[in-house]
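Here's the letter readout for the chains.
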Number of protein chains: 2
Amino acid sequence: MATKKTYLSCLDSVKPVRDTLDVINGKWKLPIIISVGVGNERFTDIEESIPGITPKAMAKELKELEQQKLIERIVTNDYPVKITYKWTPYANTLTPIIDALKEWGIKHREEIFKK
Amino acid sequence: MATKKTYLSCLDSVKPVRDTLDVINGKWKLPIIISVGVGNERFTDIEESIPGITPKAMAKELKELEQQKLIERIVTNDYPVKITYKWTPYANTLTPIIDALKEWGIKHREEIFKK
DNA sequence: AAAAGCACTTTCCTTTTGGAAACTGCTATA
DNA sequence: TATAGCAGTTTCCAAAAGGAAAGTGCTTTT
């Protein structure tokens, strides 16, 4: 009889982690979420607050974040038309992730300079 | 006088978050870390425990995780030579991140099915 | 002797990501 | 009237990521 499946299953963790990564992956999604989170609402303000981002990346990522209901695009029909971006309530659920990533990044930088 | 810098700075958060993302980015790094974390030690065991991964991706990501001192590659000079992969102590510092991503993934899936 | 297991590597190819630069159409300000 | 600001779009291109499939060299099991 063939011996099989010597490995241990880790799908309980891997699957939900991958579901999350599918939403927040990429270089720019979390920086944009953070920038909007601190109060930047206008396209150019968000853009200028994130060093290195291009308007092309901005537009693409903002569209995806809108579809995922994490960022809301609001058009006010005053003169002139004003476009603002805001967190949806659902974006708040990401704060534990952002905090964990931020804390690790700070410690990691210390760790690197220590050596 | 020109009015400038209407945006709010978010570099305090964006920079460390990006430092972290530079380490754990990509589709496979966290799944591999999780798999090794639950006790898979052999190349093929890790590979089989992560649906969809190829040996090519495995080899590349394992090398990077080794360089980053998150996974240790251990060669035992018995007959036959045995190669095992293990968490370094530093990998333990990632658990808050993994937990946060896992929890969000579980809730997100519920959220999607609710609608 | 043949087949299977282990730990990978190699080749080929497609898709995705990323960046630079210029451009658009509208409005507001100097 | 010219310039600047806003919210993007478009083009071009290079680099990176991702996947399928086959191969390698060694060992162990049947």
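Up top you'll find the structure we're talking about.
Described below are features of the structure shown in this document. (Residues numbered from 1 in each chain as written. Chains lettered and ligands numbered in written order. Predicted model: local features only at pLDDT ≥ 70, side-chain atom pairs only at ≥ 80, totals over all residues. Heavy atoms only, no water.)

### Thoughts on the layout of surface pockets
Our working rule: Space inside and on the surface of the protein is sampled on a 1 Å grid over the protein atoms alone, with a cavity defined as a set of points where a 1.4 Å probe fits but cannot get out and a pocket as an open set with protein on both sides within 12 Å along at least 5 of 7 lines; lining residues have an atom within 4 Å of a point. Grid points are joined across faces, edges and corners, and a volume is the space filled by probe spheres set on the points. Think of it this way: any DSSP run of H or I at least four residues long counts as a helix, any run of E at least two long counts as a strand, and we number them from the N terminus.
If you add up the space inside the largest pocket, you get close to 280 Å³. Looking at the largest pocket, it is lined by 17 residues, and the ones nearest its centre are A:N25, A:G26, B:L21, B:N25 and B:G26. Of all the secondary-structure elements, those providing two or more residues to the lining of the largest pocket are α1 (11-24) of chain A together with α1 (11-24) of chain B. Its boundaries defined by the atoms lining it, the second largest pocket holds a volume of some 150 Å³.

### What about the nonpolar core?
Operational definition: The definition of a nonpolar core used throughout is a set of buried Ala, Val, Leu, Ile, Met, Phe, Trp, Tyr and Cys residues joined through side-chain atoms within 4.5 Å. The cut-offs for exposure are 20% and 50% of the maximum accessible area for each residue type, with area from a 1.4 Å probe on protein chains only; residues under the lower value are buried, those over the upper are exposed, and the others partly exposed. The contact definition used throughout considers only heavy atoms, calling two residues in contact when any of these lie within 4.5 Å.
Within the largest apolar cluster, 60 residues are counted, with the highest numbers of intra-cluster contacts made by A:I32 and B:I32. Residue assignment for this core shows that the elements contributing at least two residues are α1, α2 (29-38), α4 (55-67) and α5 (95-114) of chain A together with α1, α2 (29-38), α4 (55-67) and α5 (95-114) of chain B. Setting aside residues up to four positions removed in sequence, A:I32 forms contacts with A:I46, A:I50, A:I53, A:M58, A:E61, A:L62 and A:L65.

### As for the interface of chain B and chain A
Put simply, the test is: By buried area we mean how much accessible surface two parts lose on assembly, using a 1.4 Å probe and totalling the loss over both. Here, a salt bridge means any side-chain nitrogen of Lys or Arg that lies within 4 Å of a carboxyl oxygen of Asp or Glu. Any pair of nitrogen or oxygen atoms within 3.5 Å is treated as a polar contact; in protein, a donor-acceptor pairing is required on top of that, and neighbouring residues in sequence qualify only through side-chain atoms on both sides. Here the nonpolar group is Ala, Val, Leu, Ile, Met, Phe, Trp, Tyr, Cys and Pro; Asp, Glu, Lys and Arg are the charged ones; every other residue, Gly included, is treated as polar.
Between chain B and chain A, the contact holds 46 residues from the first and 46 residues from the second. Here chain B packs against chain A, burying approximately 4,300 Å² in sum over the two surfaces, 69% of which is carbon and sulfur. On the surface where chain B and chain A come into contact, there are two salt bridges. Here chain B and chain A share 16 residue pairs in polar contact (both at pLDDT 80 or more) between them. Secondary structure elements with two or more residues in the side of chain B that touches chain A: α1, α2, α3 (43-49) and α5 of chain B. A class-by-class count of the residues in the side of chain B that touches chain A yields 25 nonpolar, 12 polar and nine charged.

### With respect to the packing of α5(A) against α1(B)
Let me state the cut-off plainly: Between N-to-C directions, angles cover 0 to 180 degrees, with each direction set by a line fitted to C-alpha atoms, over the stretch in contact for helices. Any angle that is under 35 degrees is reported as roughly parallel, and any over 145 degrees as roughly antiparallel; angles of 65 to 115 degrees are reported as roughly perpendicular and all others as oblique.
At a minimum axis distance of 7 Å, the contact between α5(A) and α1(B) shows a crossing angle of 80°. By the angle class used here, α5(A) and α1(B) are roughly perpendicular. Together, A:I98, A:L101, A:K102, A:W104, A:G105, A:I106, A:H108 and A:R109 of α5(A) and B:D12, B:S13, B:P16, B:V17, B:D19, B:T20, B:L21, B:V23 and B:I24 of α1(B) make up the contact between the two elements. A class-by-class count of the residues in the contact of α5(A) with α1(B) yields nine nonpolar, four polar and four charged.

### Thoughts on the protein's contact with DNA strand D
Worth spelling out the cut-off: Being near a molecule or strand, for a residue, comes down to having at least one heavy atom within 4 Å of it.
Near DNA strand D lie 16 residues; those nearest to it are A:R42, A:R73, A:Y85, B:K27 and B:K56. Per the 4 Å cut-off to the protein, sugar and phosphate atoms form 64% of the nearby atoms of DNA strand D. Those elements that place two or more of their residues in the surface near DNA strand D are α3 (43-49), α4 and β2 (82-87) of chain A together with α4 of chain B. The element that contributes the greatest number of residues to the surface near DNA strand D is α4(A), accounting for four residues.

### Looking at the protein's contact with DNA strand C
Near DNA strand C, the surroundings consist of 16 residues, among which A:K27, A:K56, B:R42, B:R73 and B:Y85 are the closest. Taking all atoms of DNA strand C within 4 Å of the protein, the share assigned to sugar and phosphate is 61%. At 3.3 Å, a backbone N or O of B:F43 approaches a phosphate oxygen of DNA strand C. Looking at the surface near DNA strand C, the elements with two or more residues in it are α4 of chain A together with α3, α4 and β2 (82-87) of chain B. Grouping the amino acids of the surface near DNA strand C by side-chain chemistry returns eight nonpolar, one polar and seven charged.

### Side note on the side chain of A:S13
With respect to the helices and strands, the residue A:S13 is situated in helix α1. The exposure class of A:S13 is buried, given its relative accessible area of 16%. Within polar-contact distance, the side chain of A:S13 engages the side chain of B:K102 at 3.4 Å.

Everything listed here is a matter of coordinates, which is why it stays silent on function.
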